[in-house]
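# Close look at the chain arrangement
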Amino acid sequence: MRIVIVTIGTRGDVQPYVALAQGLTRAGHTVVICTHTTFRDFVEMYGIGFAPLAGDIRALLVSEAGRRLLAQHNPLAAIRQLQAIAAPLLCQVMADILAATAGADLILASTLGYLNAVTAAQVHDIPLMLAGLQPFTPTAAFPSPLLAPPRRRWPGVGLYNRLTHHATYRLLQLVSARLANRCRRDLTGRAPLRYADVFGDLIAPRRPVIYGVSEQLLPHPADYGAQIALTGFWFLERDPAWQPPPALADFLAAGAPPVYIGFGSMSDRDPAQAAQIAVAALQHSGQRGILATGWEGLHADDLPAGILRIDGAPHDWLFPQVAAVVHHGGVGTTAAALRAGVPQIVVPFSADQPLWAELVHRRGVGTRPIPRRRLDAPRLAHAIGAAVQDPDLRRRVQRVAAALRQEDGIGKAVEIVRKIGKEALATTQSIR
């Protein structure tokens, strides 16, 4: 099969699909990833085909509008802000997806990719399958990933959770339908997409869905039928040629395991203040630390002894060597810390991050989340102390890590895709 994977977003929204593409390629399929041009070298480094998609996500997120989006806690406002940022690119994104998917046998798409690939699937008459990193299918088990889950159960919470998924769908349709349908008309001449055209298969669900998430973190909801699979995380193994910078290797060898603090692709509205909080918390808790600057999430100069600044390092190499991981709650970083067997302190900014933060806490593998707007040195220092010093927490983390290492998320996903592709090809051939 020729499979096109469409994914939109940051490095964390691309890397798992490179891992999935590798698995599909090993199974004999031809795979192309359609994503932003800034990730071309990264995708092609692993021998995966690449198709360009409009948009420089880093430039968008580090802009003032992007920083406001990341600081937004109102889902409706966040969706509107995202649409305002993406609007100038939407027609080109649709055109790029149409071009990339021509001649494909199957389209796999991330959540945002799925919403933008519906037109391509119809134009080319190709099956479209959601291959998500966030649970986007309605359930009573937890709310929409755009909302933090309640910390306590209460009567009616299951109905509330399910309704939040439908409300999110409606909001997305309300905010984006007019512009998306205008682009669709201009590019294809087709009639406007209706609500059911975009979300019907997810609500029913009428087609299989795979999520690159482990049941070790997110138990399979009772109302998810056999069509909805939580395959396990899609881990990408680092380039074997990668070597740590001498300063990082020397720092790790010079003392006790440090605490890692990094907010990945999150662009903080005050990265210098965030770094000051991190430094003060490390000093107050008596821990050595590594600050990963990321996409302007932290900005620090003249660091005291015992704290090292880095641009970044492969998580599967670094995390097993640290005492705890402080991060923003992206699913990829969450998964990497789980597999490394180290406690987590999650500082969620927005989007799906509060969901993963709460699940980490419920699973007993991390401290209570500290939302970014409430982050200060005393709270972070207390959480670092609890994460580093609690032996029960570390034992729970090690048990989960051992279970994760037994999973084959990519293998399970590849097998499901193979079955779906085989059925789709058989249906196409019978029609012809």
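Please refer to the structure higher up on the page.
Just so you know, these numbers come straight off a predicted model, no measurement behind them.

The rules behind these values
- Residues numbered from 1 in each chain as written.
- Predicted model: local features only at pLDDT ≥ 70, side-chain atom pairs only at ≥ 80, totals over all residues.
- Heavy atoms only, no water.
- Salt bridge = Lys/Arg side-chain N within 4 Å of Asp/Glu carboxyl O.
- Helix = DSSP H or I, 4+ residues; strand = E, 2+ residues; numbered from the N terminus.
- Disulfide = S-S within 2.5 Å.
- Buried < 20%, exposed > 50% of the residue type's maximum accessible area, 1.4 Å probe, protein only.
- Contact = heavy atoms within 4.5 Å.

Using the criterion set out here, one finds eleven salt bridges in the structure. Its salt-bridge partner being Arg339, residue Glu237 comes within 3.2 Å of it at the nearest N-O pair. With Glu237 in the loop between strand E7 (228-230) and helix H10 (246-253) and Arg339 in helix H13 (residues 331-340), the pair connects residues that are 102 residues apart, well separated along the chain. Residue Asp392 is joined to Arg395 by a salt bridge in which the shortest nitrogen-to-oxygen separation is 2.2 Å. A residue pair is termed a helical-turn pair when its members lie 3 or 4 positions apart in one helix, as Asp392 and Arg395 do in helix H16 (residues 391-405) at three residues.

Moving on: the state of the cysteines. Using the criterion set out here, one finds one disulfide in the structure. Two residues share a disulfide in this structure: Cys91 and Cys183, whose sulfurs sit 1.9 Å from each other. Disulfide Cys91-Cys183: torsion about the S-S bond near -75°, hence left-handed. Here Cys91 is found in helix H6 (residues 90-101), whereas its partner Cys183 is found in helix H8 (residues 157-188), with 92 residues between them in sequence. Taking the relative accessible area as the measure of exposure, Cys91 reaches 28% and is therefore partly exposed. By relative accessible area, which is 0% here, Cys183 ends up buried.

Attention shifts here to the side chain of Gln173. Tracing the sequence through the fold places Gln173 in helix H8. Exposure remark for Gln173: the relative accessible area of 16% places this residue in the buried category. If we skip the residues at most four places from it in the chain, Gln173 touches Leu193, Arg194, Tyr195, Val198 and Phe199.

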